[in-house]
Amino acid sequence: MKPGEKLRYERPYLKKLNAGMMNKSGTPGVAKITKEIEGVPVRDLVEQYGSPLFVLSEKQIRRNYQSAVRAFQTRYPSVQFAWSYKTNYLNAVCNIFHQEGSWAEVVSGFEYRKALGNGVSGAHILFNGPAKQKKDLLLAVENNSLLHIDNLDELYLLLEVCEATGKKPRVAIRVNMDTGVYPVWDRFGFNYENNDAWSVLTKIVRSGKMQLVGLHCHIGTFMLSVEAYRIATSKMCDLAARCGKLLNNTIQYIDLGGGFPSTNTLKGAYLPGVDTVPTIDDFAEVITGTILGYGFSQEELPMLVMECGRVLIDDAGYLLGTIAANKRLSDGRPSIIVDFGVNTLFTAFWYDHLITPAQETNAPVENMAIYGPLCMNIDVIRESVNLPVMTPGDKVVVHKVGAYNMTQWMQFITTRPAIVLIGDNRQVHLVRLAETLEYLEMPEIMPSHLKLKQTD
Ligand SMILES: *Cc1c(COP(=O)(O)O)cnc(C)c1O
């Protein structure tokens with residue numbers, strides 16, 4: 001500054017200091033730090049495999065599966081789980097479930113072929129979905145899979161396949177119903193209340209072209225109502241009993257789908273998910289109690305099939321990321337920009353994910369927004385979260401990201417990151433490479449008249 005020159009006026013910025021001070025909810029908690037996952041340092045993982053990076057815990061997946069199976073098997077004599085491929089169809093993940101004894105639940109020809117490719121026997125694949133193609137039905141019939149019919153046009157298509165192959169496939173129908181949770185998912189399958197389900201069951205048995213072996217429903221996802229499963233189970237039991245009595249067709253299995261919530265916190269929820277969601281034992285108690293209390297004879301008691309997805313994998317997945325920048329918004333509120341966006345962490349649209357720093361810090365805790373790297377206004381990871389101030393290069397860990405991210409992620413603006421699986425003895429297995437430009441451009445074809453010459 002030259003002598004005599006006046007100091008430039010700067011507008012003062014006043015902000016209530018709330019780090020470490022009482023507010024109406026008491027003192028803000030000390031920030032939790034996550035320096036390692038299953039004993040492997042976050043820093044090492046990112047150094048070796050890049051950032052962002054998805055990390056899965058094999059131990060946690062097996063633990064989740066075994067405790068879910070235990071919840072049902074200790075209450076019911078015949079239980080079979082089928083892994084919901086769309087929840088996470090990374091082959092390494094699917095094969096952990098298959099090793100544990102799970103069948104496969106698929107909703108497209110693509111997923112069906114994936115399950116076959118993983119070595120699942122055709123008889124252990126449940127084929128769901130509202131738009132199965134003829135070639136997929138043919139393949140599934142040849143492999144003796146269980147076909148869950150969604151609509152009448154599919155039934156007619158399947159009848160053509162029966163004619164063509166001379167086979168008598170094993171089928172179930174998907175049933176939708178009022179379970180007291182609204183809106184009712186009535187776009188999949190046949191309705192219970194208006195008798196559509198019953199009339200199609202009659203049609204199938206009378207056709208003599210298929211074996212009616214099961215009944216299927218999947219009443220919603222992230223269901224917080226145990227009562228809804230009591231209603232669904234009892235309606236399914238009613239249909240099964242009528243098939244036995246009136247159509248002389250014993251139903252071998254009732255499939256109650258998935259839909260159990262993980263312990264993530266839904267956006268807008270007042271209390272964290274860990275404190276509010278029912279446990280698998282709560283659901284198992286109601287479902288098995290309803291079937292056992294229905295009055296089936298010993299020989300008629302159907303096998304119970306469960307297609308749980310989210311609840312078995314969500315808390316086994318983490319996303320590691322790096323702070324790219326710190327930035328104050330126009331009102332002075334702090335924000336950070338991280339190197340993963342909603343393209344990578346799709347569930348940021350639904351959940352307030354727990355995010356923790358990966359390094360020790362004495363920095364004050366501030367309320368901030370977390371933004372992703374996309375040049376898009378919707379790219380918000382957390383609107384508002386209390387975290388210690390961090391600097392570019394610092395790492396963060398996003399928790400409970402195992403379900404519906406590694407399948408629903410979008411290739412948009414950036415490439416998708418690598419995925420590692422931590423197995424026994426802290427062994428780290430790379431199970432999916434980070435995508436590259438070459439990989440993504442492989443299917444593209446450039447018309448010759450659009451090729452640029454050096455001078456263009
Ligand atoms: C998605 C899906 C599942 C798994 O649902 P979750 O909510 O992840 O448990 C099971 N069955 C069907 C038919 C599905 O579409």
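Residues numbered from 1 in each chain as written. Predicted model: local features only at pLDDT ≥ 70, side-chain atom pairs only at ≥ 80, totals over all residues. Heavy atoms only, no water.

## Describing the site of the ligand
Working step 1: In the neighbourhood of the ligand, 16 residues make up the surrounding shell, with Lys86, Thr221, Gly259, Glu307 and Tyr404 lying closest.
Working step 2: Here an oxygen atom of the ligand and a side-chain polar atom of Tyr404 are 2.6 Å apart.
Working step 3: The class makeup of the residues in the shell around the ligand is two nonpolar, nine polar and five charged. (Near = heavy atom within 4 Å. Polar contact = N/O pair within 3.5 Å; in protein donor to acceptor, adjacent residues only side chain to side chain. Nonpolar A, V, L, I, M, F, W, Y, C, P; charged D, E, K, R; others polar.)

## Remarks on the packing of helix α5 (residues 134-142) against helix α6 (residues 152-165)
Working step 1: Running from N to C, α5 and α6 cross one another at 55°; their axes reach a closest spacing of 10 Å. The angle between α5 and α6 places the two elements in the oblique class. The chirality of how α5 crosses α6 is right-handed. Contacts between α5 and α6 involve Lys134, Leu137, Leu138, Val141 and Glu142 on the former and, on the latter, Glu154, Leu157, Leu158, Glu160, Val161 and Thr165. (Axes fitted to C-alpha atoms, helices over the stretch in contact; angles between N-to-C directions. Helix = DSSP H or I, 4+ residues; strand = E, 2+ residues; numbered from the N terminus. Parallel < 35°, antiparallel > 145°, perpendicular 65-115°, else oblique. Left-handed = near helix turned anticlockwise from the far one by under 90°. Contact = heavy atoms within 4.5 Å.)

## A look at the pattern of salt bridges
Working step 1: Going through the model one piece at a time under the given rule, you end up with 18 salt bridges.
Working step 2: Across the pair Lys59 and Glu38 runs a salt bridge, and its minimum N-O distance is 3.9 Å. Placement of Lys59 in helix α2 (residues 58-73) and of Glu38 in the loop between β1 (36-37) and β2 (40-41) is noted, with a sequence separation of 21 residues between them.
Working step 3: Take Lys59: its relative accessible area is 44%, and that puts it in the partly exposed class.
Working step 4: Measuring nitrogen to oxygen at the nearest pair gives 3.4 Å for the salt bridge that ties Glu163 to Lys209. Note that Glu163 is positioned in helix α6 and Lys209 in the loop between α7 (196-207) and β10 (211-216), a separation of 46 residues in sequence. (Salt bridge = Lys/Arg side-chain N within 4 Å of Asp/Glu carboxyl O. Buried < 20%, exposed > 50% of the residue type's maximum accessible area, 1.4 Å probe, protein only.)

## Looking at the environment of Leu256
Working step 1: For Leu256, the location among the structural elements is in the loop between β11 (253-255) and α9 (273-276).
Working step 2: For Leu256, a relative accessible area of 0% translates into the label buried.
Working step 3: Between the C-alpha atom of Leu256 and that of Leu139, which follows or precedes it by 117 residues, the distance is 25 Å.

## Comments concerning the state of the cysteines
Working step 1: All chains considered together, the criterion is met by zero disulfides.
Working step 2: Cysteine Cys308 remains unbridged, with the sulfur of Cys217 as its closest cysteine sulfur at 12 Å.
Working step 3: The class of Cys308 is buried, set by a relative accessible area of 1%. (Disulfide = S-S within 2.5 Å.)

## Concerning the domain arrangement of the chain
Working step 1: Each assigned domain of the chain is listed with its residue range as follows: domain 1 (36-55 + 315-434) and domain 2 (58-312).
Working step 2: Centre-to-centre separation of domain 1 and domain 2, based on C-alpha positions: 34 Å.
Working step 3: Taken together, the contacts link 22 residues of domain 1 with 24 residues of domain 2.
Working step 4: Buried area between domain 1 and domain 2, summed over both chains or domains, comes out near 2,100 Å², and the portion from carbon and sulfur atoms is 51%.
Working step 5: On the domain 1 side of the contact with domain 2, Tyr351, Tyr404 and Thr407 bury the most area, a combined 30% of that side's loss.
Working step 6: On the surface where domain 1 and domain 2 come into contact, there are one salt bridge.
Working step 7: Going through the elements one at a time, β19 (418-422) and β20 (428-432) are the ones with two or more residues in the side of domain 1 that touches domain 2.
Working step 8: Counting residues per element, the side of domain 1 that touches domain 2 draws most heavily on β19, which supplies three residues.
Working step 9: Residues that form the side of domain 1 that touches domain 2 fall into these classes: twelve nonpolar, five polar and five charged. (Domains from an automatic or database assignment. Buried area = accessible area lost by both parts, 1.4 Å probe.)

## Considerations on the packing of aromatic side chains
Working step 1: In the structure shown here, the tally under the stated rule is 15 aromatic pairs.
Working step 2: For the ring pair Tyr89 and Phe110, a centre distance of 5.4 Å and an interplane angle of 80° mean the geometry is edge-to-face. Note that Tyr89 is positioned in the loop between β4 (79-84) and α3 (91-99) and Phe110 in helix α4 (residues 109-117), a separation of 21 residues in sequence.
Working step 3: Pairwise contacts between aromatic rings join Tyr65, Phe72, Phe81, Trp83, Phe97, Tyr229, Phe260 and Phe283 into one cluster.
Working step 4: For the cation-ring pair, Lys132 lies above Phe127, with the distance from its terminal atom to the ring centre recorded as 5.7 Å.
Working step 5: Sitting over the ring of Trp198, Arg242 keeps its end group 4.6 Å from the ring centre. (Phe/Tyr/Trp six-rings, centres within 6.5 Å; stacked < 30°, edge-to-face > 60°. Lys NZ or Arg CZ within 6 Å of the ring centre and 35° of its normal.)

## Comments concerning the nonpolar core
Working step 1: Grouped together as the largest cluster of nonpolar side chains are 106 residues, with contacts concentrated most on Phe72, Phe81, Ile173 and Phe260.
Working step 2: By size, the runner-up hydrophobic cluster in this structure holds 14 residues, among which are Leu45, Ala418, Val420 and Ile422. (Core = buried A, V, L, I, M, F, W, Y, C linked by side-chain atoms within 4.5 Å.)

## Topic: unusual backbone geometry
Working step 1: A cis geometry characterises the amide bond from Ser51 onward to Pro52, with omega recorded as -5°.
Working step 2: One can find Pro52 in the loop between α1 (42-49) and β3 (53-57).
Working step 3: In the Ramachandran plot, Asn144 falls in the positive-phi region, its phi being about 60° despite a non-glycine side chain.
Working step 4: The phi torsion at Lys400 lies on the positive side, around 55°, for a residue other than glycine.
Working step 5: Of note, Lys400 is situated in the loop between β18 (395-399) and β19.

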